[in-house]
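# A structural walkthrough
Next come the chains, spelled out residue by residue.
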Amino acid sequence: MIIILCIFFAIIQANSISEIRSHTLRFRPNQNIVKELQQYIEINQIKAASISTCVGSLLKCSIRFANQPEFTEINGHFEIVSLVGTISVYGQHIHISLSDTEGKMIGGHLPFYDNECIIYTTAEIVLLEHIDTIYARKLDPTYGYYELYII
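Summary of the structure given here. (Residues numbered from 1 in each chain as written. Predicted model: local features only at pLDDT ≥ 70, side-chain atom pairs only at ≥ 80, totals over all residues. Heavy atoms only, no water.)

With that settled, the discussion passes to the sheet that holds strand 5 (residues 105-109). Across the sheet, six strands lie side by side as 1-6-2-3-4-5; this open sheet has antiparallel pairing. Looking at strand neighbours, the two that pair on one side only are strand 1 (20-27) and strand 5, the edges of this open sheet. Looking at each pair of strands side by side, their axes are set apart by 20° on average, direction ignored. Here nine bridges tie strand 2 (residues 49-63) to strand 6 (residues 118-130), and the two strands are oriented antiparallel to one another. Looking across to strand 6, one finds that Ala49 is bridged to Glu129. (Pairing = 2+ DSSP bridges. Helix = DSSP H or I, 4+ residues; strand = E, 2+ residues; numbered from the N terminus. Axes fitted to C-alpha atoms, helices over the stretch in contact; angles between N-to-C directions.)

This brings us to the environment of Ile74. Mapped onto the elements, Ile74 comes out in strand 3 (residues 72-88). With a relative accessible area of 9%, Ile74 lands in the buried category. Along the primary structure Ile74 and Leu58 are separated by 16 residues, whereas in three dimensions their C-alpha atoms are 9.8 Å apart. If near-sequence neighbours (up to four positions away) are discounted, Ile74 is found in contact with Leu59, Lys60, Cys61, Ile63, Leu98 and Ile106. (Buried < 20%, exposed > 50% of the residue type's maximum accessible area, 1.4 Å probe, protein only. Contact = heavy atoms within 4.5 Å.)

This is the structure:
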């Protein structure tokens, strides 16, 4: 137990710790969850946030599946089971999990630009803004993606 606590505190000391401000949002039918979230981040100049939770439903969305170069558009009625990621005015990395009308799951990377991710009934999102922290993106040559860079 003591070893686990020591590791926990070592991890905390090695990473960014900041005050958190909560933002609770509700988007409505036929709104584009991606564009609405992006607009909220830009209007409020949020420099570092994580998506704490999201519930709701979608009619369509584009998702990039694991290790695939292209996005796939899906259409139908989907429950949002999970929406997680880091987001700021400097970029984002978001994953979504959806279930269809038979309860089958699908998920992957949510593209943030040029994505028609249309809400069916609602999207209720809680963002946690990390005050005095900046989430930037930096090119990681390992795979060629812009990855999280904490300032």
